[in-house]
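Topology and contacts: notes
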Amino acid sequence: MTGREASPLSGGARLRRRRAASAGAELLSLLAAFVAVAVLVVVVVSIFLKGAGALSVHLFTRTPVPFGETGGGIEQALIGTAELVALATSIALPAGVLVAVYAHEFAPAGVARLVRLCLNVLAGVPTIVVGILVFTLMVKGSGQSGWAGALALSIIMVPLVARGSEEVLAVVPATLREASLALGATRARTVLRVVLPTAVGGIVTATILAVARVAGETAPLLFTSSIAATTVNTDPQRPLASVALSIFADSESPDPHAHQEAWAAAFVLLVFVLAISIGARLVASRARGGRLR
Amino acid sequence: MKTRSETSLTPARDAAPSEGLLSQPAALDVLFEQRSPAEAEPLEPVLEARAVTVRYGAAVAVSDVSLDVHRNRVTAFIGPSGCGKTTLLRTFNRMNDLVPGAVVSGRVAYHGVDVNGAGVDPIEVRRRIGMVFQRPNPFPKSVFDNVAFGLRLHGLKDDLSGRVEEALRRAALWDEVKDRLGKNALGLSGGQQQRLCIARALAVEPDLLLMDEPASALDPISTTRIEDLLRELRSQVTIVIVTHNMQQAARVADLTAFFSVEPTGGDEHERGGVLIEYGPTEQLFTRPADRRTEDYVTGRFG
Ligand SMILES: Nc1ncnc2c1ncn2[C@@H]1O[C@H](COP(=O)(O)OP(=O)(O)O)[C@@H](O)[C@H]1O
Ligand SMILES: [Mg+2]
């Protein structure tokens, strides 16, 4: 044994080694956190610098201009993305919450495990595959449409909403369910009147994060909604433009103005995603605080 | 005075006769002097348990328990932790239906009707037989909405605020919350939350109220208030209260049932909760018929 002669509280070599290991681990994780933040800062700043020239009100209020001209915008893409995401959310929110409620509140343990496995697999499916699936189901024969794009996005959102919702259902205390059931409520009533109202903050958070995730999706829209739409359209029966696809199309263009516009659009998209992610965190902490107050 | 029939509530058991007089703490004797004359009313069973056995998988939690719960009396279930008091209580309003793996056998009759019988809706059972839990569990809603929850559930929507007020008054909480009915119930103190849960249960007017250690998570002052409340409620509703506090049983209960964990089958290792003795509280505490009851109530248990 080491450190026999040391005072009984001084620890000895083994403790010193452990303390060094602990300090090393702390340093490494600090470094990793720093790298993550640094990457984000570099991405945001460089995109901003490259797109700054095209960042103006026109970007939001005008549609693309012909080759070589300047002063165009991506109004049609902003409107299209907003509509696509809204439609996708209106499909994925109820579907995701229902799946979570079924798995957590009603399904036998084995079935619930299977549902969870399926959600995990679905969450891991490459988004281009989702795009191709919707293409073969809806687009082939009848053509691209906003609905097809929204459906593809919603397929990506469902597992995110469902898994997030299930996590909050799991922290709703069992004693609340018991209180409701002991008053003579059915399980369905209990879910509707007690469980979901208690979990609503977490469900909203999960949904906002899913919106942030799909707002920038490109692959699922490639075959399902429009890549070339340059005019404002709000009819989901027809193809809708999107910011992500505009960035893709602009950056493929030989026009340097288009390149700048692509960077500016990317910056707008990035700011939007960051803002709603932070908004989601705020909702989450408000919901927690509110429940304790 | 107690009638003879009241002293033999426990179905015949080969209990060892009590050995000599017990040295009772003087405080308990005083309590028994103060009993209200209401006890002179004849006993009328509201709920009859016959040979009730509950298993969780292979483990026996409650073994062959038979007892009657009597109208407008407070019945206490006492006994060491793990002797099946909660489990038995939950068979009365079919809350064990919700526990995976719990299997109930025997008969629980509520006003003569088997609560597990064909055609009996557990929803209706739970509406008639209210329950208050060990930890206060108000919904994260307003005080008003907590009490109104059961009323809305059962369509008792006429004069909702009148009914809510009535329930809060019966739970001795009205004066403390009348100015904050719209505030979140989680802002109340623990004792107030538990009385809110009692009000919530009383609102749907059950005629039997099951309480599982309702004061065990509360401070002494809140506990006293709940005990006072139980004595007041006794004339309106039948109460079964689980407690591991013998003083509490002595203070509030007319009748007391003592449970213990004993060997159940032929196998020495197979143990489960058994009803040892059931009778008027005073008798159970001062002249227990069973040696195990005597050991428990005099603190010689274990
Ligand atoms: N949900 C459950 N699953 C399995 N065993 C349980 C469950 N609830 C209680 N038990 C067991 O049943 C026995 C009686 O428990 P309980 O009724 O809670 O006793 P008490 O309320 O008297 O402390 C204990 O041995 C306990 O471990
Ligand atoms: Mg218990």
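Note that the structure is predicted; figures quoted are calculated from it, not measured. (Residues numbered from 1 in each chain as written. Chains lettered and ligands numbered in written order. Predicted model: local features only at pLDDT ≥ 70, side-chain atom pairs only at ≥ 80, totals over all residues. Heavy atoms only, no water.)

Topic: the site of ligand 1
All names here are of chain B.
- In the vicinity of ligand 1, the contacting residues are Y56, A61, S81, G82, C83, G84, K85, T86, T87 and V99.
- Contacts to ligand 1 include T87, whose side-chain N or O atom sits 2.4 Å from an oxygen atom.
- Protein chains bury 56% of the 560 Å² of accessible surface belonging to ligand 1 in isolation.
- A total of three residues in the shell around ligand 1 trace back to one element, the largest contributor, which is helix α2 (residues 85–92).
- Broken down by class, the residue content of the shell around ligand 1 amounts to four nonpolar, five polar and one charged. (Near = heavy atom within 4 Å. Polar contact = N/O pair within 3.5 Å; in protein donor to acceptor, adjacent residues only side chain to side chain. Areas by Shrake-Rupley, 256 points an atom, 1.4 Å probe, with all protein chains shown as cover. Helix = DSSP H or I, 4+ residues; strand = E, 2+ residues; numbered from the N terminus. Nonpolar A, V, L, I, M, F, W, Y, C, P; charged D, E, K, R; others polar.)

Describing the pattern of salt bridges
- Evaluated as defined, the whole model comprises 21 salt bridges over all chains.
- Where E178(A) meets R90(B), a salt bridge forms, and the shortest distance between an N and an O atom there is 2.7 Å. Remark: R90(B) occurs in helix α2 and E178(A) occurs in helix α7 (residues 174–182); the pair is interchain, linking two chains.
- In this structure, the salt-bridge partner of R292(B) is E262(B), at a minimum N-O distance of 3.3 Å. Here the residue R292(B) occupies a position in helix α11 (residues 291–297), and E262(B) occupies one in strand β9 (residues 255–263), the gap between them amounting to 30 residues.
- Classification of R292(B) by relative accessible area gives partly exposed; the value is 36%.
- Connected via shared salt-bridge partners are E176(B), R195(B) and R225(B). (Salt bridge = Lys/Arg side-chain N within 4 Å of Asp/Glu carboxyl O. Buried < 20%, exposed > 50% of the residue type's maximum accessible area, 1.4 Å probe, protein only.)

Looking at a nonpolar patch on the surface
Residues and elements named next belong to chain A.
- The grouping of V37, V41, V45, F48 and L49 at the surface amounts to a nonpolar patch, some 440 Å² of accessible area in total.
- Inspection of the secondary structure assignment puts F48 in helix α1 (residues 13–51).
- Its relative accessible area of 35% is what places F48 among the partly exposed residues. (Patch = residues over 30% accessible without salt bridge, like charges linked within 9 Å, V, L, I, M, F, W, Y side chains within 5 Å.)

Considering the domain arrangement of chain A
- Taken domain by domain, chain A consists of domain 1 (3–40) and domain 2 (60–287).
- Taking only C-alpha atoms, the centre of domain 1 of chain A and the centre of domain 2 of chain A are 42 Å apart. (Domains from an automatic or database assignment.)

Notes on the pairing of strand β4 (residues 102–110) of chain B
Residue and element names in this part refer to chain B.
- Direction of pairing for strand β1 (residues 45–56) relative to β4: antiparallel, over a ladder of eight bridges. Counted as the bridge partner of R55 is V103 from β4.
- Of the strand pairs in this sheet, β4 and strand β5 (residues 113–114) are connected by two bridges, and their pairing is antiparallel. Paired with A109 across the two strands is D114, which belongs to β5.
- Once β4 ends, the chain turns through two residues before running back antiparallel as β5, passing H111 with a positive phi of about 50 degrees. (Pairing = 2+ DSSP bridges.)

Observations concerning the environment of N137(B)
- Here N137(B) shows up in the loop between β6 (129–132) and α4 (143–153).
- A C-alpha to C-alpha distance of 9.6 Å links N137(B) and G190(B), two positions 53 residues apart in sequence.
- For N137(B), the contacting residues outside a window of four places in its chain are T175(A), L176(A), A179(A), C197(B) and R200(B).
- Among the polar contacts listed, one links the side chain of N137(B) to the backbone oxygen of T175(A), at a separation of 2.9 Å. (Contact = heavy atoms within 4.5 Å.)

A few points about the packing of aromatic side chains
- Here the structure, examined in full by the defined rule, presents six aromatic pairs over all chains.
- Their ring planes at 65 degrees and their centres at 6.0 Å tell us that F135(A) and F223(A) sit as a pair that is edge-to-face. Here F135(A) is found in helix α5 (residues 127–139), whereas its partner F223(A) is found in the loop between α9 (219–222) and α10 (243–252), with 88 residues between them in sequence.
- F223(A) gets classed as partly exposed once you look at its relative accessible area, which sits at 28%.
- Between F139(B) and F149(B), the ring centres sit 4.5 Å apart and the planes meet at 45 degrees, which makes this aromatic pair tilted. (Phe/Tyr/Trp six-rings, centres within 6.5 Å; stacked < 30°, edge-to-face > 60°.)

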